[in-house]
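Descriptive structure summary
Each chain is listed here by its residues.
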There are 2 protein chains.
Amino acid sequence: MERITPRTLSGFMELLPAKQAKMEKMMQVLRDTYSLYGFSALDTPVIEDAKILLAKGGGETEKQIYRFQKGDSDLALRFDLTVPLAKYVALHYNELAFPFRRYQIGKVYRGERAQRGRFREFYQADIDIIGDGKLDIMNEAEIPAIIYRVFRGFGLTRFQIRVNNRKILSGFYGMLGLSEKSGDIMRTVDKLDKIGAEKVSAILVDDCGLTDQQAGEILKFIAIRGTNAEVLSALEGYAGRNEIFDLGLAELQAVTKNLSAFGVPEENFAVDLTIARGLDYYTGTVYETTLLDHPEIGSVCSGGRYDNLAEFYTDRPLPGVGISIGLTRLFYVLDEQGLLNDKLPSAPCDALVLPMTEDVSKAVALAETLRSAGVRVQLYSEQKKFKQKMSYGDKIGVPYTILLGEDEIAEGKCSVKNMATGEQVKCTPEEAANHILQGLSDANGPLILEK
Amino acid sequence: MERITPRTLSGFMELLPAKQAKMEKMMQVLRDTYSLYGFSALDTPVIEDAKILLAKGGGETEKQIYRFQKGDSDLALRFDLTVPLAKYVALHYNELAFPFRRYQIGKVYRGERAQRGRFREFYQADIDIIGDGKLDIMNEAEIPAIIYRVFRGFGLTRFQIRVNNRKILSGFYGMLGLSEKSGDIMRTVDKLDKIGAEKVSAILVDDCGLTDQQAGEILKFIAIRGTNAEVLSALEGYAGRNEIFDLGLAELQAVTKNLSAFGVPEENFAVDLTIARGLDYYTGTVYETTLLDHPEIGSVCSGGRYDNLAEFYTDRPLPGVGISIGLTRLFYVLDEQGLLNDKLPSAPCDALVLPMTEDVSKAVALAETLRSAGVRVQLYSEQKKFKQKMSYGDKIGVPYTILLGEDEIAEGKCSVKNMATGEQVKCTPEEAANHILQGLSDANGPLILEK
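Residues numbered from 1 in each chain as written. Chains lettered and ligands numbered in written order. Predicted model: local features only at pLDDT ≥ 70, side-chain atom pairs only at ≥ 80, totals over all residues. Heavy atoms only, no water.

The subject of this paragraph is the environment of threonine 82 of chain B. All names here are of chain B. Its place among the elements puts threonine 82 in helix H4 (residues 82–91). Linking threonine 82 and valine 360, residues 278 residues apart in sequence, is a C-alpha distance of 53 Å. With residues up to four places along the chain from it excluded, the contact list for threonine 82 reads Asp126, Tyr281 and Leu309. (Helix = DSSP H or I, 4+ residues; strand = E, 2+ residues; numbered from the N terminus. Contact = heavy atoms within 4.5 Å.)

Listed below in structure tokens is the structure:
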């Protein structure tokens, strides 16, 4: 038979079991946390009618999209989870209760140029809250709490949720008589971290046509720094001159006011006037999240408030607020940086049962008893030498092996060996389950290390 | 703006939130159960090189596949999870420990003719155990235990795991001098349930070229019925005449011998000589699972033992055993038949907190306290009349609402209302969490009803 050399397409992540186990834990943290805040799981198709996915049209998206014909149908793979959500809400409007809170963790596709650390298939983990016509500001205030719990769930403490409000920026540009240029200005200011103040100033003057003085005012404004209280106080100095600005300031105050009630420590949150998010459709609070010791990674969780989720499908105003985590890229970067906690057990099972007798029925019963107690057990039944069996346990990194020989069976016990310490105890199946679960619980640590 | 009418492609399942909640629970049962038996989660790309996916080539598969060009690449969407597993194991052979046990719950794609209850995008939930050169029979014996736990986890008791062994069939056809026709015969016999004995007999004689006597012997053989012990005993009557048969019988005995140690009750398991599975690549134990009160659904979990997982990619013999659940189809049919338990809470949250004061900080803190105790809470902060707030709670089917007014705040308490019974209690946040978790636990029932 002619054989085909197996390969996985470049730009597609395919993990080995131990890495995948860590990815699964991250997904479980996301599912659990999103659920705690009352978000419904949603699962939309990967394939959609191309005409619908590309309703907004234009630009980079269209070039990157996976689009193809099947029969008479013009199909495309989703390139984000927001467009499918817009379609879903417009399509099922009458069957949904608003505010509609949904989370979706799913793969999206972008045929980008292959490049190290760039993925063509990657997970996004999104939440959105959609209102019917209106949406209270408290929904925007709640988002940092959710981001906080997610990253704490990952085991991190050294991260910062940076928040701004687009109305403050628009209003401020309005004060300078630059309302019409506010989109261009925000997109330029958004590059501050990457290109620095001088270049931003140059683009504002040369490309956006601002005066030196206007550019100076803007740079002075976004240079406002300090504690949340200090920044808010500085902003109050601008109040009363532009309605949009004042509205934005009131919103930002509402978002910051309840932070401690939401359990978000001051050090994990910052009002940051440089955050603008490039996209035009954000209209209120905007969020970015950075790992304090790894600013080079950029924002790991971003989003904001928008006024019209589904304008391409319905004339109903559907305002919302949402955030997205680029999970595949985050995982890749954490792994590259050596931040995934290797000490965390990532074996496919907690215990490997090794039968030492011809008749394996006692070993089978032992394995089932342990499983019923919640221990993940593999029964190793291959006909191999003892050394090879133990070497299999080492290779999969199993925390415990359990030997069951004639002696143990006669006593109604089993021998449990801690593979890390070498410590071995003989005990009943029930004791073994407790011993293992306790040991696993003690060995539990953060998913991601900080160093 | 010109609007595009939103739609979801036909043949693609897209559920409303309450239904999706049930689907998520089924997936959680699958993940948990597969993990208990030591299977690693695996996540392979949805898109693969078309040449690799179609290495086996031929037939229906090629017609149904979603295949397209992107740049110079000839790509295809996976149509099952077995071919990607074969690629994965061949590709990562040196990095895996064998036996390699993996589960994968993922979407696969087949461009079938659109038809009610037929899906073009659907979930498969697979497990496989792959050996390196050899694989002990105990792995085959363990599969029914896993199937049993999965369906019990779904809340079912009235199901039957039907097991046969292809070697018994091959060996028996060998006794009749029909070895070369055994593939054709098995595919024909496999239709017994659908077309009946008479038509099977006619095809065996007319199309397969058997004598009437041979067809009669086969029908007599597969008509063997009774308890597992009775069927095995009847099979022993054929022993000693064909080596393959004898080997198959020994395997079947090993699979049935440990059933009670594995905790599988006799009534959920049957040796059934009519089970053959059409596919040629099964070589040992084969499995089907039927819902006893819904035979019309057909098998809801099938699989078997095979000798060469990855013969198209490697010359290494990689025997294995695996099963697959067509989750999307199963969910669809259960829903159609009204078997999904509607009484089971499927709201996005367990409790809806309704702040009754201007300052919502106490309500926020209450919500966070409840979440930290594990209660899924939505804080309802829209500016609506009380009646509209309660009506939102009704619409999402929330089990509890929690009112927090001036009185409650003054007392350090909150009012918890059970939405099903109308019962209302005033208690501290900690008591509220316990009250709600206890109530949810009492209301817990099977995912799937039997009737």
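Now, onward.
What follows is about the relation of the copies chain B and chain A. Superposition of chain B onto chain A requires a rotation of 180 degrees combined with a translation of 0.0 Å along the rotation axis, giving an RMSD of 0.0 Å. The transformation relating the two chain copies, once decomposed into turn and shift, fits a two-fold axis. For chain B, the minimum C-alpha distance to the rotation axis belongs to phenylalanine 68 of chain B and amounts to 3.1 Å. Mapped onto chain A, 100% of the interface residues of chain B are again interface residues, and the two copies thus contact each other with one and the same surface. (Least-squares fit on C-alpha atoms with pLDDT ≥ 70 in both.)

Core analysis: the biggest nonpolar cluster contains 116 residues, and Tyr34, Phe151, Phe154, Ile218, Phe221 and Leu235 of chain A have the highest contact counts within it. Per element, the largest residue contribution to this core is 10 residues, and it comes from helix H5 (residues 137–153) of chain A. When near neighbours in sequence (up to four residues on either side) are disregarded, phenylalanine 151 of chain A contacts Leu156, Phe159, Thr289, Val300, Cys301, Ile325 and Leu330 of chain A. Among the nonpolar cores identified, the runner-up in size contains 114 residues, and Val377 of chain A together with Ile129, Ile147 and Ile297 of chain B belong to it. (Core = buried A, V, L, I, M, F, W, Y, C linked by side-chain atoms within 4.5 Å. Buried < 20%, exposed > 50% of the residue type's maximum accessible area, 1.4 Å probe, protein only.)

The next subject is the sheet that holds strand S8 (residues 269–271) of chain B. All names here are of chain B. Judged by pairing direction, the sheet is mixed, and its 8 strands sit side by side in the order S1-S5-S6-S11-S10-S9-S7-S8 without closing on themselves. In this open sheet, the two edge strands, each paired with only one partner strand, are strand S1 (40–41) and S8. Where strand S7 (residues 159–165) and strand S9 (residues 282–291) come together, 7 bridges link them in antiparallel fashion. Opposite asparagine 165, over in S9, you have threonine 285 as the bridge partner. Seen against the sheet, helix H12 (residues 327–336) touches strand S6 (121–130), S9 and strand S11 (320–326) and runs at an angle of roughly 40 degrees to S11. (Pairing = 2+ DSSP bridges. Axes fitted to C-alpha atoms, helices over the stretch in contact; angles between N-to-C directions.)

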